[in-house]
Amino acid sequence: MSDIAGKTILATFFHAPDRHSVEVLEETVIAIAADGQIETVIRPGAVGYHTAREEVDLTLPDGCYVLPGFIDCHVHAPQYPQLGQALDVPLEVWLQQYTFPLEARYADLDFARRSYSTLVDDLLASGTTTALYFATVHQEATRLLADICLEKGQRALVGKVVMDNAESCPPYYRDTSAEAAIADTRAFIDYVRAHPGNAAARVLPVVTPRFIPSCTDEALAGLGQLVAECGCHVQTHCSESDWAHGYVLDRHGVTDAESLDRFGLLTRRSVLAHSNFLTDADMDRVVARGAGVAHCALSNAYFANSVFPLRAALEHGMHVGLGTDISGGPSGSLFEAARMTIAASRMLETGVDPALPAASRGRPDSRIDFATAFHLATAGGGVLLDLPIGQFAPGFRFDAMVIDTRPRDGGIRLLAQSSQEDILQKIVHTANRANITRVWVDGRNVSSR
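Since the structure is predicted, the reported quantities are computational estimates derived from the model, not experimental observations. (Residues numbered from 1 in each chain as written. Predicted model: local features only at pLDDT ≥ 70, side-chain atom pairs only at ≥ 80, totals over all residues. Heavy atoms only, no water.)

## Topic: the overall build of the protein
Move 1: Summing up its helical and strand segments, the protein has 16 helices and 17 strands in all.
Move 2: A compact globule built from 449 residues would reach a C-alpha radius of gyration of about 22 Å, and the protein, at 22 Å, matches this within 12%.
Move 3: Counting the 449 residues in the protein, one finds 62% classified as buried.
Move 4: Of all intrachain contacts in the protein linking residues separated by at least 6 positions in sequence, the fraction that spans at least 24 positions is 74%.
Move 5: With the model as given, the accessible surface of the protein reaches about 16600 Å², and the carbon-plus-sulfur share is 49%.
Move 6: Within the protein, the 54 negative side-chain charges are centred at a point lying 4 Å from the centre of the 37 positive side-chain charges. (Helix = DSSP H or I, 4+ residues; strand = E, 2+ residues; numbered from the N terminus. Rg over C-alpha atoms; globule rule 2.2 N^0.38 Å. Buried < 20%, exposed > 50% of the residue type's maximum accessible area, 1.4 Å probe, protein only. Contact = heavy atoms within 4.5 Å. Areas by Shrake-Rupley, 256 points an atom, 1.4 Å probe, with all protein chains shown as cover. Lys, Arg positive; Asp, Glu negative; His and termini not counted. Charge placed at Lys NZ, Arg CZ, Asp CG, Glu CD.)

Rendered as structure tokens:
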């Protein structure tokens, strides 16, 4: 199996176009155009199925299934070297003592290339075909990250981080001024859009104020004006912890969501990471703007001081995708993110303090199931990012992974007769990297095992 662009594939596909159920496309033929767009999805019984099946280019063996590629909606690319360490301190300490010193090292392009190349390779091998990346304040290293994503074939949205507030950011790691931060952001947008290897716009630029504590009002206002001009995606942190949420209330007298909206940073293409402390009014505001949340259940357990009310946000009509939050979360796997998403929702519903009566221990009607988690890791992320990815339907991009249930070093064990939906549940709950044997982006092979 190599590139599948311009060819047809016969397999059993799993996807979840909405959050309420999964769809099994059993023994289905999908035709992919030369540019990686899905042309047709022909299921058994449809007109032309037998002809298409006879002429198929690639047939997957029994025990192999195809899932949409994962969409990681919140990744701090420069933090990969510290994945799994420094997780036992408060957020503000973690930033100042560990994270900012590490990110400052990306002024060294040799270090940046080694780190970013390893990250992109590892994420592709883990089934992450699309990633929304925070980079650093460095123009050249951020351009390098975009270059590496293009070289390796990953779909990516990349942002040069803005952090110019001298009261919150160390002198060795910050933008020299609001004007410089805005100019550098504009220059990076122009670089990505004019990149000779990016004619298909597989990499997109993102306006990236780190979060309100790191930015002056001048920088936030200037970035809002830039967004109005360029129509770019926006990514930032929103109401992540008691400290971050309280900081904005003290400084601006309103919540993060309202403050970002006032600066013009809450748009259809805005992704708010974490957002654990959104009020009902905040949720209404986010929905009205068409923005959404990158839910990072694993890192929230370490730094957010609470569990994000995911089901309430979904029932508000909010767009939600999943994020690993490398390295606030100690895993770069969206499988792990999906599993923690399910577990966190159940803990929110049942509560965690055994000293309280069961009736008052948790938040009722908060749990979500594996189908919702699978949707959020795939099609939900595509909706959040406003991109045609995450499901198998005509007009969508063929970003996909092959899951082989047979390897002994994989996590999946099919020891009894199982329905197709049961197999998908086993994949979501037990698959590991050894089960991912092929990854395609736009029908092009980007990782294989």
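## Let's talk about the pattern of salt bridges
Close approach of charged atoms lets side chains of opposite charge pair.
Move 1: Per the stated rule, a full pass over the model turns up 24 salt bridges.
Move 2: Between Arg 449 and Asp 409 there is a salt bridge; the shortest N-O distance is 2.4 Å. Taken together, the residues Arg 449 in the segment after strand 17 (444-448) and Asp 409 in the loop between strand 15 (400-404) and helix 16 (420-430) connect sequence positions 40 residues apart.
Move 3: Here the residues in one salt-bridge network are Asp 35, Arg 155, Arg 202, Arg 397, Asp 399 and Asp 442, joined through shared partners. (Salt bridge = Lys/Arg side-chain N within 4 Å of Asp/Glu carboxyl O.)

## What to know about empty space enclosed by the protein
Move 1: Inspection of every chain in the model, using the stated rule, returns two cavities of 30 Å³ or more.
Move 2: Taken as a whole, the largest cavity holds about 110 Å³ of empty space.
Move 3: As for the largest cavity, its lining consists of 13 residues, and the residues nearest its centre are His 76, Leu 91, Trp 94, His 237 and Glu 240.
Move 4: Broken down by element, the residue count for the lining of the largest cavity peaks at three residues, all from helix 2 (residues 91-104).
Move 5: Classifying every residue of the lining of the largest cavity by side-chain character gives five nonpolar, five polar and three charged.
Move 6: The space that makes up the second largest cavity amounts to roughly 40 Å³.
Move 7: For the second largest cavity, the full set of lining residues is Leu 67, Phe 70, Phe 335, Ala 338, Ala 373, Phe 374, Ala 377 and Val 428. (1 Å grid on protein atoms, 1.4 Å probe; cavity = no way out; pocket = protein on both sides within 12 Å on 5 of 7 lines; lining within 4 Å. Points joined across faces, edges and corners; volume = space filled by probe spheres on them. Nonpolar A, V, L, I, M, F, W, Y, C, P; charged D, E, K, R; others polar.)

## A word on the nonpolar core
Move 1: Of all hydrophobic cores here, the largest spans 95 residues; its most connected members are Tyr 133, Leu 145 and Ile 427.
Move 2: Ile 427 has contacts with Phe 14, Tyr 65, Leu 67, Phe 335, Arg 339, Ile 403 and Ile 412, leaving out every residue within four places of it along the chain.
Move 3: Counting residues in hydrophobic clusters, the runner-up holds 19 residues, among them Leu 58, Leu 60, Val 66 and Ala 393. (Core = buried A, V, L, I, M, F, W, Y, C linked by side-chain atoms within 4.5 Å.)

## Regarding the environment of Gln 85
Move 1: Among the secondary structure elements, Gln 85 is positioned in the loop between strand 6 (70-76) and helix 2.
Move 2: Classification of Gln 85 by relative accessible area gives partly exposed; the value is 42%.

## Re the pairing of strand 8 (residues 155-159)
Move 1: With five of five residues buried, strand 8 lies mostly within the body of the structure.
Move 2: Burial of the side chains of strand 8 extends over both faces: Arg 155, Leu 157 and Gly 159 are buried on one face and Ala 156 and Val 158 on the other.
Move 3: Relative to strand 8, strand 7 (residues 128-134) runs parallel, the two being bridged by five bridges. Residue Ala 131 lies in a different strand from strand 8, and its bridge partner there is Ala 156.
Move 4: Between strand 7 and its parallel partner strand 8, the chain crosses via helix 4 (residues 139-152), and the hand of that crossover is right-handed.
Move 5: Where strand 8 lies against strand 10 (residues 203-209), three bridges are found, and the strand directions are parallel. Counted as the bridge partner of Ala 156 is Val 203 from strand 10. (Pairing = 2+ DSSP bridges. Right-handed = clockwise from strand over helix to strand, strands pointing away.)

## With respect to helix 7 (residues 242-252)
Three or four residues apart is the spacing at which side chains of an α-helix point the same way, because the helix has 3.6 residues per turn.
Move 1: Inspection of helix 7 places Ala 244, His 245, Tyr 247, Val 248 and His 252 among the buried residues, and these make up the whole buried set. Relative to the axis of helix 7, the buried residues are bounded by an arc of 155 degrees and lie together on one face.
Move 2: Each element contacted by the buried residues of helix 7 is listed here: helix 6 (217-230) and helix 8 (256-262).
Move 3: In the segment just after helix 7, Gly 253 is the residue with positive phi, at about 75 degrees. (Arc of directions from axis to C-beta.)

## Details of helix 6
Move 1: Compared with the 20 Å implied by 1.5 Å per residue over 14 residues, the 20 Å span of helix 6 between its first and last C-alpha is a close match.
Move 2: Listed as buried for helix 6 are Ala 219, Leu 220, Gly 222, Leu 223, Gly 224, Leu 226, Val 227 and Cys 230.
Move 3: Buried residues belonging to helix 6 abut strand 9 (161-162), helix 5 (178-194), strand 10, strand 11 (233-238) and helix 7.
Move 4: Gly 231 lies just past helix 6 and shows a positive phi near 70 degrees. (Expected span 1.5 Å × (residues − 1).)

## Some points on the confidence of the model for the protein
Move 1: The share of residues in the protein with pLDDT of 70 or more is 100%, and the mean pLDDT across the chain is 97.
Move 2: By mean pLDDT, the top-scoring element of the protein is strand 7 (99), and the lowest-scoring one is helix 13 (residues 358-361) (93). (pLDDT = per-residue confidence, 0-100.)

## A word on the layout of surface pockets
Move 1: Considered as a void within the structure, the largest pocket measures approximately 280 Å³ in volume.
Move 2: Counting residues per element, the ones that place at least two in the lining of the largest pocket are strand 1 (8-18), strand 5 (64-68) and helix 16.
Move 3: The leading source of residues in the lining of the largest pocket is strand 1, at three residues.
Move 4: Its residues placed into classes, the lining of the largest pocket shows nine nonpolar, seven polar and three charged.

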